[in-house]
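Take a look at the letters that make up each chain.
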Amino acid sequence: EAGPLLVEQRQGWRKLTLNRPQKLNAFDAALHATLCDALEDAGRDPACRAVLLSGAGRGFCAGQDLAEPGLTGQEADLGAVLDRGWNRLVRTIRDLPKPVVCAVHGVAAGAGASIAFACDITLAAEDARFAQAFIRIGLIPDSGATWTLTHLAGPARARALAMLGDPISGSEAAAMGLVWRAVPSDAVMGEAEKLCDRLARLPAGALAATKRALAAAESNGFDAQLALEAQMQRELGRSADYAEGVAAFQQKRAARFEGA
Ligand code: T3D
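All of these numbers come straight from a predicted model, not from anything done at the bench. Residues take numbers from 1 onward in each chain, read along the sequence in its written order. Residues qualify for local features only when their pLDDT is at least 70, as the model is predicted, and side-chain atom pairs are given and counted only at 80 or more; totals for whole chains, interfaces and linings, by contrast, use all residues.

1. A few points about the packing of helix α4 (residues 145–153) against helix α5 (residues 155–164)
As a packed pair, α4 and α5 sit with axes 7 Å apart at the nearest point and diverge in direction by 140°. For the element pair α4 / α5, the angle class is oblique. Considering how the two elements wind past one another, α4 and α5 form a crossing that is right-handed. When α4 is examined against α5, the residues Leu149, Thr150 and Ala153 are found in contact with a partner set consisting of Pro155, Arg157, Ala158, Leu161 and Ala162. A fitted line through C-alpha atoms serves as each axis, taken over the contacting stretch for helices, and the angle formed by two N-to-C directions is quoted from 0 to 180°. Runs of H or I in DSSP of at least four residues are treated as helices and runs of E of at least two as strands, each being numbered from the N terminus. When an angle is under 35 degrees it counts as roughly parallel; over 145 it counts as roughly antiparallel; between 65 and 115 it counts as roughly perpendicular; any other value is oblique. Handedness of a crossing is defined here by the sense of rotation of the near helix relative to the far one, left-handed for an anticlockwise turn of less than a right angle and right-handed for a clockwise turn. Residues are treated as contacting if the C-beta atoms built from their backbones sit within 7 Å of each other.

Dropping the structure here:
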């Protein structure tokens, strides 16, 4: 029987599919543990140079499984639910030294939208539905969404999205800068897979450093960022992939990057 996560190794990258379609891929503790393990494994495996995250069935993810026991009442500790599950997940995505592509079709609600915003390159179906569902159940946006909404869409949009909780389409999410692009819904998976094929052939060390440098830019000042770029470029300038890139350019041929 298929588990809550489908894992497929492709040519140089790995596809992870949330697989609880009867609950719109809402997360319980078991899915959290399985996905985090799979991401960590992808991070360690040199045969995996990019990760694609998507959902089985008619939607991407409806966030927290609200049927899990212990989520309401005076004994409930949603802070612990976040620390053990969602916060660990979005940190793992952001710390993974490899690009994480996300393909969103159908609904991305609550923390399901938050994880789409935490991935490196998110493609959405034009008719996907992103919903900050939190306010409708008496919570704040979480799993990093107060931060990602503010940084990706800007404070004015973040406030209205978070306070009203109205769903927006994939096209609107792209126009607001919450995702990279919106594409017709029958093309979203094919386009996301093509992106992973491309990423798997790019220089892995430079991709990892790019991800780290852009994350650092979110809190660094300009001077600190210049220093970080110089330090990273010094290291990359001695790499085999860089030597190959320059040689391929000079010889007018396609580069073959080995990830070193
Ligand atoms: O622990 C904590 O709470 C802290 C962490 C919070 C993080 C969060 O993510 S909070 C936000 C949680 N998510 C939501 O509030 C969304 C709840 N779902 C919905 O509002 C709607 O399902 C959708 C707008 C996402 C989709 O609507 P629709 O009409 O397309 O589908 P549906 O019929 O509502 O859902 C299909 C089935 O999935 C249904 O089951 P059934 O009736 O066929 O047996 C529904 O109950 C189930 N489902 C959908 N979302 C969840 C869920 N089951 C458990 N948890 C869910 N989040």
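Now that the structure has been shown, we can carry on.
2. Topic: the environment of Leu96
Along the polypeptide, Leu96 turns up in the loop between α2 (78–95) and β4 (100–104). A sequence separation of 52 residues divides Leu96 from Arg44, and the C-alpha atoms of the two residues are 9.2 Å apart. Contact partners of Leu96, with chain neighbours within four places excluded, come to Leu39, Gly43 and Val51.

3. Observations regarding the domain arrangement of the protein chain
For the domain bounds, the source is a domain assignment made automatically or taken from a database. Taken domain by domain, the protein chain comprises domain 1 (5–200) and domain 2 (203–250). Averaged C-alpha coordinates put domain 1 and domain 2 at centres separated by 27 Å. Each partner contributes to the interface: domain 1 provides eight residues, whereas domain 2 provides six residues. Classes in brief: Ala, Val, Leu, Ile, Met, Phe, Trp, Tyr, Cys and Pro nonpolar; Asp, Glu, Lys and Arg charged; the others, Gly included, polar. Split into classes, the residues belonging to the side of domain 1 that touches domain 2 amount to three nonpolar, one polar and four charged.

4. Looking at the pairing of strand β2 (residues 14–18)
Counting other C-beta atoms within 10 Å of a residue's own tells you its class, since 20 or more makes it buried, 12 or fewer makes it exposed, and anything in between is partly exposed; those C-beta atoms are placed from the backbone. When you tally the buried positions in β2, you get five out of five residues, the bulk of the element. Of the two faces of β2, the one carrying Arg14, Leu16 and Leu18 and the one carrying Lys15 and Thr17 are both buried. For two strands to be treated as a pair, DSSP must find at least two bridges joining them. Of the pairings in the sheet, the one linking strand β1 (residues 5–9) to β2 comprises five bridges and is antiparallel in character. Directly across from Glu8, in β2, lies its bridge partner Lys15. Counted along the chain from β1 to the antiparallel partner β2, the turn is four residues long, and its residue Gly12 has a positive phi close to 90°. One ladder, built from five bridges, connects β2 with strand β3 (residues 51–55); its direction is parallel. Looking at β3, one finds that Lys15 is bridged to Leu52. The β-α-β motif built from β2, the intervening helix α1 (residues 29–44) and the parallel element β3 has right-handed crossover chirality. Here a crossover is taken to be right-handed if, once the strands point away from the viewer, the path from the first strand over the helix to the second is traced clockwise.

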